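What the coordinates show
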Amino acid sequence: MANEVKKGIVRSKAYYVNAIVGVVLMFGIGFIPPVEPITEMGMKVLGIFIGMIYLFSACDVHWPALLSICALSIVGYCSLGQAAAGSLGHAVVFQSATAYIVAGALNYYGVTEHIARWMLSRKALKGHPYLFVYIIYASLMFICIFTSSLAMIILYWAIFDGILKVLHYEKGDKFANSTIVGIALAFVTGGAIAPIRGWQMSLFNLWGETVAPLSLMKFMAVTLPGALASMGLYLLYQVKVLKVNTKPLHDFDVTSLANETGMDKRQRKLLWSAAVVFFFVFLSALLPKSFPLYDLIANKISAAGFFALGAAYISMASADGRESLIKFSEVAGNCIQWPVLLMIGSTMVVASAMTNEATGIIAFISQTLGGVFHGRGPWFVLIVAMLVTSILTNAASNIAIGTAMVPILAPFIESTGSNAMAIGIMLIWLVNMGLILPGASAPVGLIHGNENLTSREAYTYSCVGMLVILLATIPLAVIANICF
């Protein structure tokens, strides 16, 4: 009905208490007398940063992001125009928005479901239940390199639930419930393999601007085997420790998962268009500087340009000669994650203010924590960074923790002779692994909200998932620290 009243989100009193605390921190810390070498403006910027991180963790992302952008102007650090240009006008925000269009179109028009069902319906998987389960994990990981939509977890849960019903698994079965968490774990690890969109990309760029540039090729050389090994170890836990019952899967006809019809013309065009875009995105990061077209591909167009060109093409192209390939407004409305874009913009501009020499914040951090790292070698910094990141990202918003860790670690990379490449990769990889507490990340919220899981199961399987990721990551960190 036209006069239907739109209802808002129901919020608790605790939400508003946390909101007030965050706003007080944001603007109140600036009134505290500065401690040298922090300047008066540095205290104001520090307050904005701490308040923003607190609000990200305790409340929401969207309105704290907008507030922190405005706060830089309110406290006099810069004009609102400069704050807006440094945040929403940042190249990373532009790239993320266009990447959401390209990847989101695949999800919106059902291409990703076709891919998922195709991967899971291979005849070679019949009679091999362990391989079948691993392909469930690996296929979701692969898809999540290109799209971070939480709908993929829900899709895979729906497919898996259908399999369980066909095979008459009882509710509460260890295999069923541990695999529900395993699917969410595959989503998290897959989305962390390549930081080419969203807040992961903002951290990738923030590390490059604050510490040292990162190589996407070296990043994926660590994260891809890390993700594959993590899911392999989790499956090993299911088989050897839980001793899950996979006998019903042995005779399951996997071909029944295939779509009855193939992709239509629109879906095929979208798939090929996205494949070309992602090929050039990766090419722009992997090309050697000696390549003749390196400057054009890597600098003048870059990943942001290829995403933009791809979004422009699929918006302009036709599906069948008459109908447009995508409805831009619908894809944008359903697939662009505005809270994430706002978070990226606000963290980029506030982090830039934090590292400005005029604030004295970095100099203060160096003096305060210098004793911890004094006389320590690169291995100590790497291990501490990994442990602190892993603990904090499971206690609060992984977005907030990642943003906070970059300026904290930055002063000690050069002073201790640490490997900036290895630490940067480990930080960005592990900060994705908010797997235990519900507030750590959106996928964990889905795990704890799944009606088939008890609270104990959700925590147990999530903790095991975090443990296997660390077991898989530690040897890769050693190799990266030596080779990079």
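Refer to the structure above for everything that follows.
My aim in this report is to walk through the structure given alongside it, one point at a time. None of these values were measured; they are calculated from a predicted model.

1. A few points about the packing of helix α19 (residues 398–415) against helix α20 (residues 420–431)
Between α19 and α20, the least distance of the axes is 10 Å, while the angle of their chain directions is 165°. The angle between the axes of α19 and α20 places the two elements in the roughly antiparallel class. Our pair here, α19 against α20, has a crossing hand that is right-handed. Of the residues in α20, those touching α19 at N398, I401, G402, M405, V406, L409 and I413 are A420, I423, L427 and V431. Class assignment of the residues belonging to the contact of α19 with α20 gives a composition of nine nonpolar, two polar and no charged.

2. A look at the packing of aromatic side chains
Counted by the stated rule, this structure contains eleven aromatic pairs. Measuring from ring centre to ring centre gives 5.0 Å for Y108 and Y109, while their planes differ by 85°; the resulting arrangement is edge-to-face. According to the relative accessible area criterion, Y108 is partly exposed, its value standing at 32%. Ring plane angle 70° and centroid distance 6.3 Å describe the contact between Y137 and Y234, whose orientation is recorded as edge-to-face. With Y137 in helix α7 (residues 129–146) and Y234 in helix α11 (residues 216–241), this residue pair connects regions lying 97 residues apart in the sequence. Judged by its relative accessible area of 0%, Y234 falls in the buried class. What links up through ring pairs into an aromatic cluster is the set Y137, Y234 and Y237.

3. Some remarks on the environment of L203
By the element assignment, L203 lies in helix α10 (residues 198–210). In contact with L203, other than residues within four places in its own chain, are G402, T403, V406, I428 and V431.

Basis of the calculations
Residues numbered from 1 in each chain as written. Predicted model: local features only at pLDDT ≥ 70, side-chain atom pairs only at ≥ 80, totals over all residues. Heavy atoms only, no water. Axes fitted to C-alpha atoms, helices over the stretch in contact; angles between N-to-C directions. Helix = DSSP H or I, 4+ residues; strand = E, 2+ residues; numbered from the N terminus. Parallel < 35°, antiparallel > 145°, perpendicular 65-115°, else oblique. Left-handed = near helix turned anticlockwise from the far one by under 90°. Contact = heavy atoms within 4.5 Å. Nonpolar A, V, L, I, M, F, W, Y, C, P; charged D, E, K, R; others polar. Phe/Tyr/Trp six-rings, centres within 6.5 Å; stacked < 30°, edge-to-face > 60°. Buried < 20%, exposed > 50% of the residue type's maximum accessible area, 1.4 Å probe, protein only.

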